[in-house]
Amino acid sequence: MVDSNQFMRLLGYVPADFYLNDVSRAIIQLVTDFNATPVVGYEGKYKVAYTYDAGPNAVLYLPRRFVRAVLALIQHYFPAPTDIAAADYFADPYKVAATYPAPSSTNVIELANTKLTPHAPGAIKRILHAKIGDGPRVVYAGPAAGAGESGLMGKDGTPAKK
């Protein structure tokens, strides 16, 4: 998070670059407040971390245990756009709603002791959810790879053919 914050400090350049917007800063505040909210076993530890791409799009990293709580907070403070289907706002590919225990609607605000107020619907256009994978792997070992070798490129540097 420190590296991400440092990267976004581009105000010293002329013209100044502004990657983060008000919603980006609100997400940072929500993450900060959620991390400051006590949870047994996580005293002094981050429960969720953020980083930003070269724009205002937040990427959050968190243990499975907190996925539903963070999702509930995001959906509370950044409601879905009213002009798209709920599945287009959050497709729920891993069945988060069914897999992880949901906080009750009465205690969502207590999950993060924050002074944020909910944004207008559509402040966030879409929520994407992915799991950390098992790393790089060979997807195709073509005939151009040669004996005992595998990969997407042949020895001559050209793409392997299927």
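Our subject is the structure that appears above.
An account of the accompanying structure is given in this report.

Calculation notes
- Residues numbered from 1 in each chain as written.
- Predicted model: local features only at pLDDT ≥ 70, side-chain atom pairs only at ≥ 80, totals over all residues.
- Heavy atoms only, no water.
- Pairing = 2+ DSSP bridges.
- Helix = DSSP H or I, 4+ residues; strand = E, 2+ residues; numbered from the N terminus.
- Buried < 20%, exposed > 50% of the residue type's maximum accessible area, 1.4 Å probe, protein only.
- Contact = heavy atoms within 4.5 Å.
- Core = buried A, V, L, I, M, F, W, Y, C linked by side-chain atoms within 4.5 Å.

## Focus: the pairing of strand β2 (residues 58-61)
In this structure, strand β1 (residues 49-52) lies alongside β2, joined through four bridges in antiparallel fashion. Within β2, the position partnered with Y50 by the bridge is L60. The antiparallel pairing of β1 with β2 creates a hairpin that spans five residues between the two strands.

## Let's talk about the environment of V96
Looking at where V96 falls in the secondary structure, it is placed in helix α5 (residues 96-99). On the basis of relative accessibility, which here comes to 1%, the residue V96 falls in the buried class. The spatial distance from the C-alpha of V96 to the C-alpha of R64 is 9.6 Å, given a sequence separation of 32 residues. Once residues within four sequence positions are removed from consideration, V96 is found in contact with V67, R68, L71, F90 and H129.

## Quick look at the nonpolar core
Residues L30, F34, L73, I74, F78 and I124 are the most contacted members of the largest nonpolar core, which totals 32 residues. Breaking this core down by element, the ones donating at least two residues are α2 (22-36), β1 and α3 (67-77). In terms of residue count, the dominant contributor to this core is α3 (eight residues). With residues up to four places along the chain from it excluded, the contact list for I74 reads L30, L60, P79, Y89, I124 and I127.

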